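Coordinate inspection notes
Here is how the chains run, residue by residue.
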Amino acid sequence: MAWVKMFKKPGGGGGGLKKSYQPGSMLSLALTKGLLNEPGQNSCFLNSAQVLWQLDIFRRSLRHLSGHFCLGDSCIFCALKSIFCQFQQSRERVLPSDSLRNALAETFKDEQRFQLGLMDDAAECFENILERIHLHIVSDTASDSCSSKSCITHQKFAMMLYEQFVCRCCGASSDPHPFTELVHYVSTTALSQQVDRTMAKTERLRSDMFGELLQAANNTGDLRSCPQRNCGQSIKIRRVLMNCPEIVTIGFVWDAEQSDLTDDVIRSLGPRLNLCGLFNRVTDENAKRSELHLVGMICFSSKHYSAFAYHTKSSKWMFFDDATVKEIGSKWKDVASKCVRGHFQPLLLFYTNPEGTPVSNEDAPRQTTMCPRYKGHVNGET
Ligand SMILES: [Zn+2]
Ligand SMILES: [Zn+2]
Ligand SMILES: [Zn+2]
């Protein structure tokens, strides 16, 4: 895959690259860097690292932190730091991704995941990177109750939820089940059914309906019979958000590797997301008011991952396909039409609060501690 891409287009990306590249400007250099994916490396799932770099809240948070619980060769924290440092400072337009690739391979050796040369899942790669960041900063496997102010994973990405069945008829309810989510997964089959249903009713899809569409799709099929004997009602699940995440990641689950629902799904995507629409109830006052903006997306097409990210300073959407970086346009619809043309299936959507801030480092580790036996411990837990 990478071979075709790198040798068919000798310009390394064509006009888009030249247009956005101004010699001497660190910002435009950082903006136009791709990640090397040589023949046989199959590293395109690392485009998720490219999106992390493009997320302002994440990039600035990581810059704040340096002390951590280090795993040496398999340290994902060090690998991210090194790749981000090169994004910032290197004069090269294409960077090697070996440090991150090797750290992932070493970390997940026992599970035989993310091994060198093998293709792997970009969504799982992203979730694993977040989980590891928590471990490197907090060094505590009880991640659901993490309260560290410097933990990017739980301060910025985690959605703290509980779900409960409540009967509207008799008022009976199940015990609330609390849990934490880093990615909110939705089935695209259920989503396109909701799109069809809405179109049948209103004949058009408003972009501000996206949260509600996701909620309806997510609740599809989650029916139980009322716990109260003799009631007989079937009742729906309710999901309640208790915190105010500044980055919300939506993950799409596809029934087929190539789906004829792709166009429908892309057209339904809203560039804005209200948390009140996404969940049945939101308890945090800030979360009630917050409107998140779509700033990144990882897609899948012909067994290959690529990414789109919105660059805040230049107000442009960029396309990242391993070593190739292209400017797409300033509007979300520019991205949507490229996806429709290229049959890109969205896999992860990244929504962020434009007023979001980096994590505080007040309770971060003051220095880096090498943890030789840490790895065995972590693997024992997972
Ligand atoms: Zn380290
Ligand atoms: Zn944490
Ligand atoms: Zn009932």
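Only a predicted model underlies this, so the values are computations on that prediction, with no experimental measurement involved. (Residues numbered from 1 in each chain as written. Chains lettered and ligands numbered in written order. Predicted model: local features only at pLDDT ≥ 70, side-chain atom pairs only at ≥ 80, totals over all residues. Heavy atoms only, no water.)

**As for the overall build of the protein**
Of regular secondary structure, the protein possesses 16 helices and 17 strands. The buried share of the protein, taken over its 382 residues, is 51%. A fraction of 69% describes how many contacts in the protein between residues 6 or more apart in sequence connect residues 24 or more apart. Element-wise, carbon and sulfur atoms account for 48% of the exposed surface of the protein, whose accessible area totals about 17700 Å². (Helix = DSSP H or I, 4+ residues; strand = E, 2+ residues; numbered from the N terminus. Buried < 20%, exposed > 50% of the residue type's maximum accessible area, 1.4 Å probe, protein only. Contact = heavy atoms within 4.5 Å. Areas by Shrake-Rupley, 256 points an atom, 1.4 Å probe, with all protein chains shown as cover.)

**So, the nonpolar core**
Of all hydrophobic cores here, the largest spans 58 residues; its most connected members are Phe58, Leu100, Leu104 and Phe157. The two domains that each donate at least three residues to this core are domain 1 (37–157) and domain 2 (181–220 + 241–357). In contact with Leu100, not counting residues within four places along its chain, are Leu46, Ala49, Ile76, Ala79, Leu80, Ile83 and Ile129. By size, the runner-up hydrophobic cluster in this structure holds 39 residues, among which are Leu191, Val248, Met297 and Leu349. (Core = buried A, V, L, I, M, F, W, Y, C linked by side-chain atoms within 4.5 Å. Domains from an automatic or database assignment.)

**Digging into the packing of helix 4 (residues 47–54) against helix 5 (residues 56–64)**
Where helix 4 contacts helix 5, the axes come no closer than 5 Å and their chain directions differ by 80 degrees. When the axes of helix 4 and helix 5 are compared, the pair comes out roughly perpendicular. Taken together, the residues of helix 5 that come into contact with helix 4 (itself represented by Leu52, Trp53 and Gln54) are Asp56, Phe58 and Arg59. Across the contact of helix 4 with helix 5, the residue classes tally to three nonpolar, one polar and two charged. (Axes fitted to C-alpha atoms, helices over the stretch in contact; angles between N-to-C directions. Parallel < 35°, antiparallel > 145°, perpendicular 65-115°, else oblique. Nonpolar A, V, L, I, M, F, W, Y, C, P; charged D, E, K, R; others polar.)

**Quick notes on the pairing of strand 4 (residues 159–165)**
Burial of strand 4 is extensive: six of the seven residues sit out of reach of the surface. Alignment of strand 4 against strand 5 (residues 177–181), held across five bridges, turns out to be antiparallel. Its bridge partner lying in strand 5, Tyr162 is registered against Pro178. In the sheet, strand 4 pairs with strand 8 (residues 234–241) via five bridges, with the strands oriented antiparallel. Bridge assignment links Glu163 to a residue of strand 8, and that residue is Arg239. (Pairing = 2+ DSSP bridges.)

**A few points about the coordination of the zinc ion (ligand 2)**
Every protein donor of the zinc ion (ligand 2) is accounted for by His134 (ND1), Cys146 (SG), Cys151 (SG) and His154 (ND1), and the metal-donor separations fall at 2.1 to 2.3 Å. For the zinc ion (ligand 2), the four donor atoms in the first shell make angles of 99 to 119 degrees at the metal, so the coordination geometry reads as tetrahedral. Written as a sequence motif, the donor arrangement for the zinc ion (ligand 2) is H-x11-C-x4-C-x2-H. Under the relative-accessibility criterion, Cys146 is labelled buried at 17%. (Donors = N, O, S within 2.8 Å, 3.2 Å for Na, K, Ca; no water. Tetrahedral: all angles 85-135°; square planar, octahedral: opposite > 155°, others 65-115°.)

**A look at the pattern of salt bridges**
Counting across every chain of the model gives nine salt bridges. One salt bridge in this structure joins Asp208 and Arg206, with 3.0 Å as the shortest N-O distance. Since its relative accessible area comes to 40%, Arg206 is described here as partly exposed. Residues joined by salt bridges that share partners form a network here, namely Arg113, Asp120 and Glu124. (Salt bridge = Lys/Arg side-chain N within 4 Å of Asp/Glu carboxyl O.)

**A closer look at unusual backbone geometry**
The phi torsion at Phe114 lies on the positive side, around 55 degrees, for a residue other than glycine. Here Phe114 is to be found in the loop between helix 7 (98–107) and helix 8 (122–138). A positive phi angle, close to 50 degrees, is found at His343, a residue other than glycine. Relative to the elements of secondary structure, His343 occurs in the loop between helix 15 (332–342) and strand 16 (345–352).

**Comments concerning the coordination of the zinc ion (ligand 1)**
In this structure, His68 (NE2), Cys70 (SG), Cys75 (SG) and Cys78 (SG) serve as the protein donors to the zinc ion (ligand 1), at separations of 2.1 to 2.3 Å. Each of the four donor atoms around the zinc ion (ligand 1) contributes to a set of angles spanning 103 to 116 degrees, which defines the coordination as tetrahedral. Motif for the zinc ion (ligand 1), donor spacing along one chain: H-x1-C-x4-C-x2-C. Taking relative accessible area as the criterion, Cys70 reaches 5% and is therefore assigned buried.

**Quick word on the packing of aromatic side chains**
Per the counting criterion, the structure on display carries 16 aromatic pairs. Ring centres of Phe210 and Tyr351 lie 6.3 Å apart, and the angle between their planes is 35 degrees; on these two criteria the pair is classed as tilted. Pair noted here: Phe210 is in helix 11 (residues 210–219) and Tyr351 is in strand 16, with a separation of 141 residues, a long-range link. Under the relative-accessibility criterion, Phe210 is labelled buried at 1%. Over the ring of Phe114 we find Arg113, and its NZ or CZ is 4.9 Å from the ring centre. A cation over a ring is seen here: Lys338 above Phe319, with NZ or CZ 4.5 Å from the ring centre. (Phe/Tyr/Trp six-rings, centres within 6.5 Å; stacked < 30°, edge-to-face > 60°. Lys NZ or Arg CZ within 6 Å of the ring centre and 35° of its normal.)

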